[in-house]
Amino acid sequence: MYHKTKPYKVFTVFNYTFLILLSLLCIIPLIHILAVSFSGKAAANANLVGLFPVEFTFDAYAKTLANENFIRSLWVAVQRTVLGTLLSMIVVILAAYPLSRENRSFKRRNIYTWYFVFTMLFSGGLIPFYILIQKLNLLNTMWVLILPGAVSVWNMILLLNFFRNVPRELEEAAFIDGAGYFRTLISVFLPVSMPAIATLSLFSMVGHWNAWFDGLIFLTDHEKYPLATFLQTIIVQQDFSKVSVRPEDLENISQRTIKAAQIFIGMAPILIVYPLLQRFFVKGIVLGAVKE
Amino acid sequence: MLLPAVVLTFIFAYIPMGGLVIAFQDYKPWLGFAKSSWIGLEHFQFLFSMPENVQVIWNTLIIAGMKLIGGLIAPLVFALLLNEVRKETFKKSIQTFVYLPHFLSWVILGGILLDMLATKGMINQFLGAVFGLEPIFFLGEGTWFRIVVVTSDIWKEFGFGAIIFLASLAGINPSLYEAAEVDGANRWQQTWSITIPALIPIMIVVGTLSLGNILNGGFDQIFNLYNPLVYDKGDIIDTFVYRVGLIDGKFGFSAAVGLFKSVVGFVLIVIAYRAAYKFANYRIF
């Protein structure tokens, strides 16, 4: 009934307008940076670019993709994302399965759960962590980017809750057919948990792609920087000493359109996986809501 | 099957906790843990005796506090407004846009903000053209810096933060609204007496849990936006630990600051979980 009253109709018009403005606000910065990346150098430096490219050109992208350092760090980022996600998912799945069992069949379950959860609440902090990495001789290796974050306690809790909702009869049926724990995990639990595993893998991929701080402090060899760390030093800190550049390249790196192109390439994979990701996590919330 | 996770956690989470002993030592890397001399609480006394050091704790509390309040109100209001939208496709497209910034890193967004907030950047041009304002030195002046940090954080996260409120809005029993309509309540009255009370438990949960994070001002964001001009008002505990510890090499002192933060954070989180359980009957697992 209230839908038809006049004040509510006025409100609806304002509400729709406001929400449209709000969502524009969320993407205007991205459109602006895209416009700058496709604009001519002179127009960009004179701040003439708003939301549309001025003097349209691919020049910035051509120069960015011709930059060896950029391509190398892009490759490191791809390797890191693939390896890191794979390892993390394996470790998390292997741990979530036993932890999802009932207390009766796995007596020390609570002790193990707290062993992991405690690390979410309390940590040694940056300095002791740095000293440890130094002592383990992990500086300047790919492992330092992949191993420390492999046990994502948060993902583990989400997955073990998902596993708990798998009917126990399925598991019993597998045991009767002679399957062991590993076999049951692989042939029963994994197939029915695909939505959860897909969501967590995608979150993990986004996390690895975006991570930059570990690269900055643990990789002193700048040739091993992943893309996010490379962008951080070049665009945010504007510290060119960390990439080997010839003086004639310096102008190329500091140019505004090239920075914009680099930023845009840096977020492109996220813009690609994001629609997939969104479909899954909306599904996840619906699944969570209808849980008995 | 638990073995890989147990071993990795032990190495990368529990061993560093042991390393915290250097907070009580005059740690020298070439001497190691065993031979460095013990100095008791000296680092902690130093932390609270220097005005600059105490300022860092204040900065953290102020920035995190403002983020906490804004980060609770903005998603709530947004979820309420979005809940009034009847057209599903419109609702979905709005959601697609506002969730997006959550998935971009502060390196990317920092790069974009540095460009847009420059004195000749897009935002200053806009303000100049519309309101005739002089260019504002957004990232070079302490007070403006804090405003930028808080606003951009709310901007990045309000959409994603609204998910939890939208989920609980979907869970409200529709017959309550029907009954209210029969009684002649308009939409505003329905919102005030059905929707808001139904959301209070989840608001308490989100609020108390973020209270446990009050010493986290957001390292990623601040580190990517700040510069020496705004250290006095923009430095938070985490950026301070990084600069003093790794850049200046004062390992022991930084570890002490980190330990202080961890302990206070731990106590706050435990209290927050207790409170969330008591007032909203909430448990994580």
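Residue numbers run consecutively from 1 along every chain, following the written order of its sequence. Labels are handed out in written order, letters beginning with A for the chains and numbers beginning with 1 for the ligands. Side-chain atom pairs in this predicted model are given and counted only at pLDDT of 80 or more, local residue features only at pLDDT of at least 70, and totals for whole chains, interfaces and linings cover all residues. Think of the side-chain values as coming from all heavy atoms in the structure, minus any hydrogens and water.

Chain B is annotated in an unreviewed UniProt entry as ABC transporter permease subunit from Paenibacillus sp. AN1007.

As recorded by an unreviewed UniProt entry, chain A carries the name Carbohydrate ABC transporter permease and is attributed to Paenibacillus sp. AN1007. UniProt positions are given in the numbering used here, feature names are shortened, and annotations may be inferred rather than shown by experiment. As recorded by UniProt, the Subcellular location (unreviewed entry) comment attached to chain A reads in full: "Cell membrane". What UniProt states about chain A under its Sequence similarities (unreviewed entry) heading is, verbatim, "Belongs to the binding-protein-dependent transport system permease family."

Draft legend 1. Structural detail: the overall build of chain B. To qualify as a helix, a DSSP run of H or I must reach at least 4 residues; to qualify as a strand, a run of E must reach at least 2; elements of each kind are numbered from the N terminus. What chain B contains, in helices and strands, is 14 helices and 2 strands. Each principal axis of the C-alpha distribution contributes one length, and for chain B these read about 80 × 55 × 40 Å. Out of the 285 residues belonging to chain B, those deemed buried represent 52%. For chain B, the share of sequence-separated contacts (at least 6 apart) that also reach a separation of at least 24 residues comes to 63%. Here the Shrake-Rupley method, with its probe set to 1.4 Å, supplies the accessible areas, and only the displayed protein chains count as covering residues. Summed over its atoms, the accessible surface of chain B is roughly 13,600 Å², and 69% of this surface lies on carbon and sulfur atoms. Residue burial is assigned from relative accessible area. The probe radius is 1.4 Å, only protein chains are included, and a residue is buried under 20% of its type maximum, exposed over 50%, and partly exposed in between. What makes two residues a contact is simply this: any of their non-hydrogen atoms within 4.5 Å.

Draft legend 2. Structural detail: the UniProt feature "domain: ABC transmembrane type-1" (unreviewed entry) in chain B. Under the local residue numbering, the UniProt record ascribes the feature "domain: ABC transmembrane type-1" (unreviewed entry) to residues 57–272 of chain B. Taken end to end, residues 57–272 of chain B is 77% helix and 0% strand, and its two terminal C-alpha atoms sit 20 Å from one another.

Draft legend 3. Region of the structure containing the packing of aromatic side chains. Residue and element names in this part refer to chain B. The criterion for an aromatic pair is that two Phe, Tyr or Trp rings (for Trp, the six-membered ring) have centres within 6.5 Å, with stacked assigned to planes under 30 degrees apart, edge-to-face to planes over 60 apart and tilted to the rest. With the rule as written, the count across this model stands at 43 aromatic pairs over all chains. Measuring from ring centre to ring centre gives 6.1 Å for Phe219 and Tyr242, while their planes differ by 70 degrees; the resulting arrangement is edge-to-face. One end of the pair, Phe219, is in helix H11 (residues 219–225); the other, Tyr242, is in helix H13 (residues 237–247), with 23 residues separating them in the sequence. Each member of the pair Phe219 and Tyr242 is classed as buried. Arranged with centres 6.2 Å apart and planes meeting at 85 degrees, the rings of Phe240 and Phe253 form a pair that is edge-to-face. Separated by 13 residues along the polypeptide, Phe240 in helix H13 and Phe253 in helix H14 (residues 251–280) bring together distant segments of the chain.

Draft legend 4. Just the confidence of the model for chain B, in detail. What pLDDT reports is the predictor's confidence in each residue, on a scale of 0 through 100. Residues with a pLDDT of 70 or more make up 99% of chain B, whose mean pLDDT is 87. Quick note on the complex model: pTM equals 0.86, ipTM equals 0.85.

Draft legend 5. Molecular detail of the environment of B:Leu68. Residues and elements named next belong to chain B. Here Leu68 is to be found in helix H4 (residues 51–83). Judged by relative accessible area, which is 17%, Leu68 ranks as buried. Considered as a pair, Leu68 and Val206 are 138 residues apart in the sequence and their alpha carbons are 9.7 Å apart. Look past the residues within four positions of Leu68 in its chain and what remains in contact with it is Ser210, Leu211 and Ile214.

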